[in-house]
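Working through the structure, step by step
As a plain string of letters, each chain reads:
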Amino acid sequence: MVRIGVAMLQGARHEHCEAIQHAALEMNIAVEIVELRKASQIDSSIDGLILPGGESTTMRIASQSESLLDEIFNWLSQFPNKPVLGTCAGAILLATPGENREPFIDVEVSRNAWGRQRFSFEAPVKVSLETPEKSHESTYEVSRDKFNHKPLPIYNQAPITKDDFPGVFIRAPRFLEDSIKCQKIATFNEETVGVLQGNKLALSFHPELTNDRRFHRWLIDQIINNSS
Ligand code: GLN
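This text gives an overview of the structure that appears in the document.

**Topic: the site of the ligand**
Every residue lining the ligand is accounted for by G53, G54, E55, S56, C88, A89, I92, R111, N112, I170, R171 and H206. Note that an oxygen atom of the ligand is positioned 3.0 Å from one of the backbone N or O atoms of A89. Backbone polar atom of R171 to a nitrogen atom of the ligand: 3.0 Å apart, as the coordinates give it. The residue inventory of the shell around the ligand, partitioned by class, reads 4 nonpolar, 5 polar and 3 charged.

Below is the structure:
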């Protein structure tokens, strides 16, 4: 059983939970999702982690009462080989140094650098990361209502092809090109929008708001390879 923690701080966390469920079905693998709300839930039994997008400042504030984010950072330092997917604000958290610690990914980010909310956009992204194919044709329902919150829309204008990924950029950060000291794995118009360091993947866009689960399959696959 693969155990994936999802930081339930704020933002598109429920969509990530659903994306993992779908990816697990597509790979025919049993996955347990641990919705991380309290520091005490985070320990060595978590095999991999998702840091969702949202608003990174709000996430920091939201986590203060339960010290969730601090404990997540401790976990990241303690288990440097466990796979992590950080999207948008989650990528910012991975790339930002803390008090007395280096960032978890060697890249500098500029927040909100595409402009305001209304300049959010959808565009095909070129991906150069090997991600596992679906091994199972599963049919599943998009059943976010069970999370008892108003679901975010699934975007589908950007065409899905084998190489291009439908990038959804919502007040996205930008990776500062000259600062990138890790692997570039995704580009939009020649600009890097996804980076990988070890098995920490940081994307400036929102894969959980599409129906393409390849990055979530990647996370599951990394966990399986990590523990074998
Ligand atoms: N603008 C947000 C921030 O700076 C990130 C946006 C997102 O995660 N969609 O934290």
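So, next bit.
**Quick look at the sheet that holds strand β3 (residues 48-51)**
Taken together, 9 strands build an open sheet; the order of strands is β2-β1-β3-β4-β11-β10-β9-β6-β7 and the sheet is mixed. Two strands lie at the open edges of the sheet, namely β2 (31-36) and β7 (164-169), each paired on one side alone. Ignoring strand direction, the axes of neighbouring strands in this sheet form an average angle of 25 degrees. Note that strand β1 (residues 2-7) and β3 share 3 bridges and pair parallel. The residue bridging G5 from the neighbouring strand is L49, located in β3.

**Section: the pairing of strand β11 (residues 200-203)**
In β11, alternate side chains face the same way, and those of K200 and A202 on one face and L201 and L203 on the other are all buried. In the sheet, strand β4 (residues 84-87) pairs with β11 via 4 bridges, with the strands oriented parallel. Pairing of T87 across the sheet is with L203, part of β11. Sheet topology places strand β10 (residues 191-197) next to β11; 4 bridges connect them, and they run antiparallel. Bridge pairing in β11 places V195 opposite A202. Here β10 folds back onto β11, and the loop between the two strands holds 2 residues, one of which, G198, carries a positive phi near 60 degrees.

Cut-offs used in this document
Counting from 1, residues in each chain are numbered in the order their sequence is written. pLDDT decides what is reported in this predicted model: residues at 70 or higher carry local features, side-chain atom pairs at 80 or more are listed and counted, and totals for whole chains, interfaces and linings draw on all residues regardless. Remark: hydrogens and water are excluded; side-chain values derive from all non-hydrogen atoms of the structure. Consider each residue's heavy atoms; a residue with any of them within 4 Å of a molecule or strand counts as near. Any pair of N or O atoms that falls within 3.5 Å is considered a polar contact. Within protein, one atom must be able to donate a hydrogen and the other to accept it, and sequence-neighbouring residues count only if both atoms are side-chain atoms. In the scheme used here, Gly and all other residues not listed as nonpolar or charged are polar, with Ala, Val, Leu, Ile, Met, Phe, Trp, Tyr, Cys and Pro taken as nonpolar and Asp, Glu, Lys and Arg as charged. We treat two strands as partners when DSSP finds at least two bridges between them. The numbering of helices and of strands both runs from the N terminus, where a helix is a DSSP run of H or I of at least 4 residues and a strand a run of E of at least 2. Angles shown run from 0 to 180 degrees and are taken between the N-to-C directions of axes, each axis being a line fitted to C-alpha atoms and, for helices, limited to the stretch in contact. Three labels apply to residues, based on accessible area from a 1.4 Å probe with only protein chains included: buried if under 20% of the type maximum, exposed if over 50%, partly exposed otherwise in between.

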